[in-house]
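Reading the structure
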Amino acid sequence: MRHFTAQELDAYLDGNVNGLKRWQITRHLKVCEACRKQREDCERDRAFLAEVRQGIETHEAYVKALPVTQVVAPSLSSRAPLLNRRYEH
Ligand SMILES: [Zn+2]
């Protein structure tokens, strides 16, 4: 009995594996703890990536909705203390 690779399990989760191979993986997952764990890891990675992607999209939508001054100004004011410190003697 050979184990399946992460790529194979990934394709399986994507629904990109059909026919005999799909049946083999399904059957193998029922009896193989290691591959089941691997598949769970894949699913966890996917959930995490989906969350990150969602977070980036939300952030981009938020930044795009802001007026330009609000996007630029905070970065300038955060640098100001450093500039001031240089001349405080
Ligand atoms: Zn296995």
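What you are looking at is a predicted structure, and each value in this text was computed from that prediction instead of being measured.

1. Some details on the overall build of the protein
Regarding its fold elements, the protein presents four helices and zero strands. Overall, the protein shows an N-to-C arrangement of helices and strands of α-α-α-α. Buried positions account for 6% of the 89 residues belonging to the protein.

2. So, the nonpolar core
Listed in full, the five residues of the largest apolar core are Phe4, Leu9, Tyr12, Ile25 and Cys35. Those residues in contact with Leu9 that sit more than four places away from it in its chain are Phe4, Cys35, Gln38, Arg39 and Cys42.

3. Re the packing of helix H1 (residues 6-14) against helix H3 (residues 33-65)
For the pair H1 and H3, the least separation of the axes is 10 Å and the interaxial angle reads 65°. Considering only the axes of H1 and H3, their crossing is right-handed. Residue-level contacts link Ala6, Leu9, Asp10 and Leu13 of H1 to Cys35, Gln38, Arg39, Cys42 and Glu43 of H3. Across the contact of H1 with H3, the residue classes break down as five nonpolar, one polar and three charged.

4. Quick notes on the environment of Thr26
Its place among the elements puts Thr26 in helix H2 (residues 19-31). Thr26 sits 10 residues away from Arg36 along the chain, and the two C-alpha atoms are 9.9 Å apart.

5. Considering the confidence of the model for the protein
Residues at a pLDDT of 70 or more form 76% of the protein, whose mean pLDDT is 85. Considering each helix and strand of the protein separately, the mean pLDDT is smallest for helix H4 (residues 68-87), with a value of 59, and largest for H2, with 97.

6. Digging into H3
Side chains that are three or four residues apart share a direction in an α-helix, a result of its 3.6 residues per turn. Given a rise of 1.5 Å per residue, 33 residues ought to cover 48 Å, and the 48 Å separating the end C-alpha atoms of H3 matches this to within 8%. Little of H3 is tucked away: one of the 33 residues are buried.

Calculation criteria
Residues numbered from 1 in each chain as written. Predicted model: local features only at pLDDT ≥ 70, side-chain atom pairs only at ≥ 80, totals over all residues. Helix = DSSP H or I, 4+ residues; strand = E, 2+ residues; numbered from the N terminus. Buried ≥ 20, exposed ≤ 12 C-beta atoms within 10 Å, placed from the backbone. Core = buried A, V, L, I, M, F, W, Y, C linked by C-beta atoms within 7 Å. Contact = placed C-beta atoms within 7 Å. Axes fitted to C-alpha atoms, helices over the stretch in contact; angles between N-to-C directions. Left-handed = near helix turned anticlockwise from the far one by under 90°. Nonpolar A, V, L, I, M, F, W, Y, C, P; charged D, E, K, R; others polar. pLDDT = per-residue confidence, 0-100. Expected span 1.5 Å × (residues − 1).

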